[in-house]
Amino acid sequence: MDRRSRTPLLLMALTVFIDLTGFGIILPLLPFWAERLGANPVEVGLILTLYALAQLIFTPLLGTLSDRYGRRPVIVGSLLIEAAGFALTALAGSLPLLLAARFIGGIGASNIGSAQAVVADTTPPEERARGMGLIGAAIGMGFVVGPAIGGVLAAIGGVLAGAGAGAALPFWVAMGVALLNALLVTLLLPETRRRTAISPRAAGAALAGASWRQVLGHPAIVRLVAINLLFTLAFSAMEAVFPLFTQAGFGWGATQNGYVFTFVGVVIVLVQGGLVGQLARRFGERALLAGGLGLLAVGLALLPLSSTLALLLVALGILSAGDGLVTPATSALLSIASPSDAQGQTLGIAQGAAGLGRILGPLGAGALFAAGAGLPFVAGAGLALVALAFALPRLPAPDVSATQAAESATNTRAAAATGQPAAADASHALPVR
């Protein structure tokens, strides 16, 4: 990977890290902020559901906009919306206003597909999994660092103002982090996607979903989106009921579960940040995807059998390693299979499917847990095996003829306008490994 492609990738990883750190600052505090406004446990859960619903709806739309108008303006705009969501959260004086604020925050956080598209724009296919792994590691680090900062800020806010306005300090800091992030992207991140000429009518049709049929017409993309949905269902179900499982089996509270989730995050970061690139070059992305799904299934199946701390940590380590392999491998395969003029849209659709999984997974896990403490993990292992069945057959290579023709026409028009020779893009002639 040369320096020109490495610089935007590292800047994008830094952007994602700062973004997720800001969200991580407020994540542990949201339930208590909602309870202050009279929320019951169901309404506390609704806050996260609305946030995920916003991502489900808007991640594909922002990805489409980034394909049409460039990555940088979409990412900057989303960060500004996210900053507004943090400010409205701090100012919310009633539960409906808080719910609206978190929905707005979810819109602003719907930029992950656009961020992954920057990776697709700037890395060759053989380095794509490494690039996606770096973004995944940045996400994991944000979730590790953010809550720690949030806890410190909450303590400072309590000292400064008791139960008064000082309690909102973490939300104002998160807003400042988002604004700083938007400034850094504006000043430092180069645009990686050439803006294409498009009429307002065509743009409206794309946003309305007319071009989704083209993207989802690729069999490889459909299979990968389905795998992403099943994987997210399984993992988010585990996350939702794991504290209940350890409370019943080990008598743990929030502190012990916080330590364990930190362990999970560290394992994921190490795999995505250190191993994915080397393993992808040696075995290929499809092998990483299949291996990761297999590890996830084994780890989830072992959880109900974990009667000691040692066994529990082994099970969590296995499923965390699986998560660390699946996420970047899926994103890399999606970007390779996607037409180059629809990278943001394709990755946005996949992230939207993941958002749906984050909505449905906890709901299903709660119902299963009521019937048996180990059932959500067994069901999750089953979902991982179904996803593995989708991943094992060789993914079909993308149909590049129409895409290359369209890209050739676009490059020719751009060359005529700039006086430069048209550039060829052969990346999509590569097989999906």
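Our subject in this report is the structure included herewith.

Thresholds applied
Residues numbered from 1 in each chain as written. Predicted model: local features only at pLDDT ≥ 70, side-chain atom pairs only at ≥ 80, totals over all residues. Heavy atoms only, no water. Axes fitted to C-alpha atoms, helices over the stretch in contact; angles between N-to-C directions. Helix = DSSP H or I, 4+ residues; strand = E, 2+ residues; numbered from the N terminus. Parallel < 35°, antiparallel > 145°, perpendicular 65-115°, else oblique. Left-handed = near helix turned anticlockwise from the far one by under 90°. Contact = heavy atoms within 4.5 Å. Patch = residues over 30% accessible without salt bridge, like charges linked within 9 Å, V, L, I, M, F, W, Y side chains within 5 Å. Areas by Shrake-Rupley, 256 points an atom, 1.4 Å probe, with all protein chains shown as cover. Salt bridge = Lys/Arg side-chain N within 4 Å of Asp/Glu carboxyl O. Buried < 20%, exposed > 50% of the residue type's maximum accessible area, 1.4 Å probe, protein only. Lys, Arg positive; Asp, Glu negative; His and termini not counted. Core = buried A, V, L, I, M, F, W, Y, C linked by side-chain atoms within 4.5 Å. Phe/Tyr/Trp six-rings, centres within 6.5 Å; stacked < 30°, edge-to-face > 60°.

Re the packing of helix 13 (residues 285-302) against helix 16 (residues 375-391)
- It is the contact of helix 13 with helix 16, at a shortest axis distance of 8 Å, that shows an interaxial angle of 165°. By the angle between their directions, the pair helix 13 and helix 16 is classed as roughly antiparallel. Between helix 13 and helix 16 lies a crossing of left-handed hand. Here helix 13 contributes Arg286, Leu289, Ala290, Leu293, Gly294, Leu296, Ala297, Leu300 and Ala301 to the contact with helix 16, which in turn contributes Phe377, Gly380, Ala381, Ala384, Leu385, Ala387, Leu388 and Ala391.

A word on a nonpolar patch on the surface
- The grouping of Leu180, Leu183, Leu187 and Leu188 at the surface amounts to a nonpolar patch, some 400 Å² of accessible area in total.
- Position of leucine 187 among the secondary structure elements: in helix 8 (residues 169-188).
- When its relative accessible area of 61% is taken as the criterion, leucine 187 is described as exposed.

So, the pattern of salt bridges
- Scanning all chains against the criterion turns up three salt bridges.
- Of the charged contacts, one joins aspartate 121 and arginine 71 as a salt bridge, the two residues approaching to 2.7 Å between their closest N and O atoms. You can see aspartate 121 sitting in helix 6 (residues 112-122) and its partner arginine 71 sitting in helix 4 (residues 71-91), a full 50 residues away along the chain.
- Linked through salt bridges whose partners overlap, the residues forming this network are Asp67, Arg71 and Asp121.

A closer look at the side chain of arginine 128
- Here arginine 128 lies in helix 7 (residues 128-161).
- It turns out arginine 128 is buried and unbridged, and the closest side chain with the opposite charge, glutamate 126, is 7.2 Å from it.
- Apart from the residues within four sequence positions on either side, arginine 128 is in contact with Val119, Ala120, Thr123, Ala332, Ser335 and Ile336.

Some points on the nonpolar core
- Counting residues in hydrophobic clusters, the biggest one holds 75 residues, and the most contacted among them are Leu289, Leu293 and Leu303.
- Of the residues forming this core, the biggest block, 14 residues, is contributed by helix 11 (residues 219-250).
- What leucine 289 contacts, discounting residues up to four positions off in sequence, is Leu224, Ile227, Val326, Ala329, Thr330, Leu333 and Ala391.

So, the packing of aromatic side chains
- A complete count under the given rule lists seven aromatic pairs for this structure.
- A centroid spacing of 6.5 Å and a plane angle of 40° characterise the contact between phenylalanine 242 and phenylalanine 245, whose relative ring orientation is tilted. Residue phenylalanine 242 and its partner phenylalanine 245 are located together in helix 11, separated by three residues, close to a single helical turn.
- Its relative accessible area of 0% is what places phenylalanine 242 among the buried residues.
- Feature note: the residues Phe242, Phe245 and Phe377 constitute an aromatic cluster, connected by ring pairs.

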